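Remarks on the overall topology
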Amino acid sequence: MVACAQVAHYSRQAARWGVKTGEVSVDLPAVMAMKEQLVQRFRSGIAGQIEQRENLRLYRGQARFSAAHRVRVGDDELESEHIFINTGTRPLIPAIPGLNSVDYLTNCGILNLAELPEHLLIIGGGYIGLEFGQMFRRFGSRVTIVQRRGQLVPREDPEVAEVLQGALEAEGVRIICNAQARRVEGRGDAVSLEITTPTGEETLTASHLLVAAGRQPNSDDLGLEAAGVEVTERGTIRVNSRLETNVPGIWALGDVNGGPNFTNISDNDYRIVYANLIEGGERSTKGRIVPYAIFTDPQLGRVGRTERQARAAGYRLKIGGIPMSWVARAMERQETAGLMKLVVNAEDDRILGAAILASEGGELVQLLHALMLADAPYTLLKGAIYIHPTLAEGFFTLMENVKPVD
Ligand SMILES: Cc1cc2nc3c(=O)[nH]c(=O)nc-3n(C[C@H](O)[C@H](O)[C@H](O)COP(=O)(O)OP(=O)(O)OC[C@H]3O[C@@H](n4cnc5c(N)ncnc54)[C@H](O)[C@@H]3O)c2cc1C
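Predicted, not measured: the structure shown is a model, and the values here were computed from it.

Helix and strand content of the chain: ten helices and 20 strands. For the chain, the C-alpha radius of gyration of 23 Å lies close to 22 Å, the compact-globule estimate for 406 residues. If you line up the chain on its principal axes, its C-alpha atoms span 65 × 60 × 45 Å. Counting only contacts in the chain whose residues sit at least 6 apart along the sequence, the fraction spanning at least 24 positions is 59%.

So, in structure tokens, the structure goes:
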């Protein structure tokens, strides 16, 4: 769907590249059908693999512990010396007065819309809110994002979030930060949200409301008390670095153990447990380098620590930063929104983290990830030969730009 929105965007903006197009509109049911087909293909592929395995049986239903090594699914009681909890998260619904009296959307409902929202109001300026916000703006909706904190994507460094915010606003997405949601009310077919900001009060009215205000772990209805499995104050399942819970023979993998909440991390959790249990390995989550991306345009490719996290951890730093407008390929593509930022340990020149906010930022950042995995200094890429003209060529200037900071 992000790709469909990109095509709509290019089509509308075609004149920028000297291409003439007519009026552009998006056939949302066609987009949804395409998405559904893809999802079903993946789903049936995985289900098929499960069915082919002898000794592997899929039970469809709500699982609940009845004792430490016993789980009930419907009428079946299953017992095992090894249990892996991998139940994920669901949308966190904030306690805003009136919210439960309206038909709001979450990340599930919005993926089944039959009609394009005239005005999509989004509570939450995290990656889910931003991805859907830009996507529906490009599909043709008016979009307003209301963010409680002073910054979008609050885990990222402020200048990264600021440039991303600028790019979204340039496309006509309205973003209101420092906004406290006070009350939601249904008004016929519309919904209104009262907010308070440092400049006063405002009532926003929209055709659709998307709640993207965080995630909560699916741990509360698992009967964990019966199993004696401990959870944290956030409700995530407490695990050690080998992903073992406090109960021997029970592991927790993926988002439900507190994440980071990404598919690649859930997969990596599985690999750690498999290596330890089946291959007699000694793997753990300690020192794991986490790459991820936010699929906005520009895309935010990230790996490792932000500058803020590196400072908090007490590192002496070198920082490199360049705008994408310095990168020849970005200029040629007329896609200069964004930046490249490198956070380096001044003691040994190892990369601690990077943010690449650019077209294909998610692809680009993995080159830096590889350097981190190799435990090589950033200077290896200084003066390296890059294919001309590519976006990765920007690393040449980025590496030259790395300087010690206070
Ligand atoms: C809108 C959106 C966009 C995202 N985009 C990205 C992205 O681009 N890249 C990325 O890496 N990550 C992305 N994520 C995050 C990613 O989806 C999660 O991190 C990932 O799915 C977590 O995998 P998991 O195995 O922990 O759990 P899940 O994939 O959530 O699977 C858990 C499963 O357990 C089932 N379950 C729950 N409780 C029970 C129970 N009691 N009994 C039986 N079954 C149960 C659930 O129904 C679900 O099927 C996105 C998430 C959202 C919401």
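Now that the structure is up, let's keep going.
Working definition: two side chains of opposite charge can pair if their charged atoms are close together. If you walk through the whole model with that rule in mind, you get 24 salt bridges. The salt bridge involving E282 is made with R242; its shortest N-O contact spans 3.1 Å. With a gap of 40 residues between them, E282 in the loop between helix 6 (263-278) and strand 15 (291-294) and R242 in the loop between helix 5 (224-227) and strand 14 (250-252) connect regions that are remote in the sequence. For the salt bridge of R311 with E307, the shortest nitrogen-to-oxygen distance reads 2.9 Å. In this pair, R311 and E307 both sit in helix 7 (residues 307-312), four residues apart, roughly one turn of the helix. Residue E307 is classed as buried on the basis of its relative accessible area, which comes to 18%. The network of salt bridges with shared partners includes D157, E159, E307, R311 and K341.

Moving on: the sheet that holds strand 6 (residues 119-123). Taken in spatial order, the four strands of this open sheet run 8-7-6-12, and their pairing is parallel. Two strands close off the open sheet at either side, each with one partner strand: strand 8 (174-176) and strand 12 (208-211). On average, each strand axis in the sheet is inclined to that of its neighbour by 20°, with strand direction left out of account. Pairing geometry for strand 6 and strand 7 (residues 142-146), over five bridges, is parallel. Each bridged residue has a counterpart across the sheet, and for H119 the counterpart in strand 7 is R142.

Here we take up the site of the ligand. By nearness alone, 21 residues border the ligand, and A63, N86, D255, T263 and S266 come closest of all. In the model, a nitrogen atom of the ligand is placed 2.8 Å from a nitrogen or oxygen of the A63 main chain. Burial of the ligand by the surrounding chains reaches 64%, relative to a free accessible area of 990 Å². The residue inventory of the shell around the ligand, partitioned by class, reads seven nonpolar, twelve polar and two charged.

Along the chain, the position of S192 falls in strand 10 (residues 190-197). What makes S192 buried here is its relative accessible area of 4%. Only 3.4 Å separates the side chain of S192 from the side chain of R187, close enough to count as a polar contact. When near neighbours in sequence (up to four residues on either side) are disregarded, S192 contacts R183, V184, E185, R187, T203, L204 and T205.

Taken as a whole, the second largest pocket holds about 280 Å³ of empty space. Around the second largest pocket sit 16 residues that line it, and H9, R16, R138, E171 and A337 are the ones nearest its centre. Looking at the lining of the second largest pocket, the elements that each hand over two or more residues are helix 1 (2-12) and helix 4 (158-170). When grouped by side-chain class, the residues that make up the lining of the second largest pocket number six nonpolar, five polar and five charged.

Strand order across the open sheet formed by six strands is 15-16-19-18-17-20, with antiparallel pairing between neighbours. Each of the sheet's edge strands pairs with one partner strand only, and the pair in question is strand 15 and strand 20 (403-404). Examined bridge by bridge, strand 18 (residues 339-345) and strand 19 (residues 351-358) share six bridges and lie antiparallel to one another. Note that in strand 19 the partner of L342 across the bridge is A354.

If you look at soluble globular proteins, the nonpolar side chains tend to sit buried side by side. Of all hydrophobic cores here, the largest spans 35 residues; its most connected members are I110, L120, F136, F139 and L210. Where this core is concerned, the elements lending two or more residues are helix 1, helix 2 (28-52), strand 6, helix 3 (127-139), strand 7, helix 4 and strand 19. Considering every element that reaches this core, the biggest residue donor is helix 3, with six residues. Setting aside its immediate chain neighbours within four residues, F139 contacts M1, C4, A5, R12, V26, L28, V31 and L116. Judged by nonpolar contacts, the second largest core, of 27 residues, contains V327, I351, A376 and L381.

Now for a nonpolar patch on the surface. A surface patch of nonpolar side chains, amounting to about 460 Å² of accessible area, comprises F84, Y270, Y274, L277 and I278. Note on placement: Y274 falls in helix 6.

The element strand 10 is extensively covered by neighbouring structure, given that six of its eight residues are classed as buried. Alignment of strand 9 (residues 180-187) against strand 10, held across seven bridges, turns out to be antiparallel. Across the sheet, residue E185 finds its bridge partner in strand 10, namely S192. Count of turn residues in the strand 9/strand 10 antiparallel hairpin: two residues, of which G188 carries a positive phi of about 65°.

A word on the environment of N86. Residue placement: N86 occurs in the loop between strand 4 (83-85) and strand 5 (89-91). Accessibility expressed as a relative area gives 48% for N86, which makes it partly exposed. In this structure the C-alpha to C-alpha distance between N86 and S219, which are 133 residues apart in sequence, comes to 9.7 Å. If sequence neighbours within four positions are ignored, N86 has contacts with L253, G254 and S266. Within polar-contact distance, the side chain of N86 engages the backbone oxygen of L253 at 3.1 Å.

Cut-offs and rules
The numbers attached to residues start from 1 for each chain and follow its sequence in the written order. In keeping with the model being predicted, local features are shown solely for residues with a pLDDT of at least 70 and side-chain atom pairs are shown and tallied solely at 80 or more, while totals for entire chains, interfaces and linings include all residues. Side-chain numbers come from the whole structure's heavy atoms, not from hydrogens or water. Numbered from the N terminus, helices here are DSSP runs of H or I no shorter than four residues, and strands are runs of E no shorter than two. The globule rule is 2.2 Å times the number of residues to the power 0.38, and the radius of gyration it is compared with is taken over C-alpha atoms. We call two residues in contact whenever any of their non-hydrogen atoms come within 4.5 Å of each other. When a carboxyl oxygen of Asp or Glu lies within 4 Å of a side-chain nitrogen of Lys or Arg, that pair is called a salt bridge. The buried label goes to any residue with under 20% of its type's maximum accessible area, the exposed label to any with over 50%, and the partly exposed label to all in between, with areas taken from a 1.4 Å probe on protein chains only. Two strands are said to pair when DSSP picks up at least two bridges between them. Here an axis means a line fitted to C-alpha atoms, over the contact stretch when the element is a helix, while the angle between two N-to-C directions is reported on a 0 to 180 degree scale. Only heavy atoms are used to decide nearness, and a residue is near a molecule or strand if one of them lies within 4 Å of it. Counted as a polar contact is a pair of N or O atoms within 3.5 Å, where, for protein atoms, one must be capable of donating a hydrogen and the other of accepting one, and residues adjacent in sequence contribute only when both atoms are in side chains. Working definition of accessibility: Shrake-Rupley area with a 1.4 Å probe, residue cover restricted to the visible protein chains. Classes in brief: Ala, Val, Leu, Ile, Met, Phe, Trp, Tyr, Cys and Pro nonpolar; Asp, Glu, Lys and Arg charged; the others, Gly included, polar. Definitions used throughout: a 1 Å grid over protein atoms alone; a cavity as a set of points that fits a 1.4 Å probe which cannot get out; a pocket as an open set with protein on both sides within 12 Å along at least five of seven lines; a lining residue as one with an atom within 4 Å of a point. Grid points are joined across faces, edges and corners, and a volume is the space filled by probe spheres set on the points. Within this scheme, the nonpolar core is defined by two criteria: the residues are buried Ala, Val, Leu, Ile, Met, Phe, Trp, Tyr or Cys, and they are joined through side-chain atoms within 4.5 Å. Two joining distances apply to patches: 9 Å for like charges and 5 Å for nonpolar side chains (Val, Leu, Ile, Met, Phe, Trp, Tyr), and every residue must have over 30% relative accessible area and no salt bridge.

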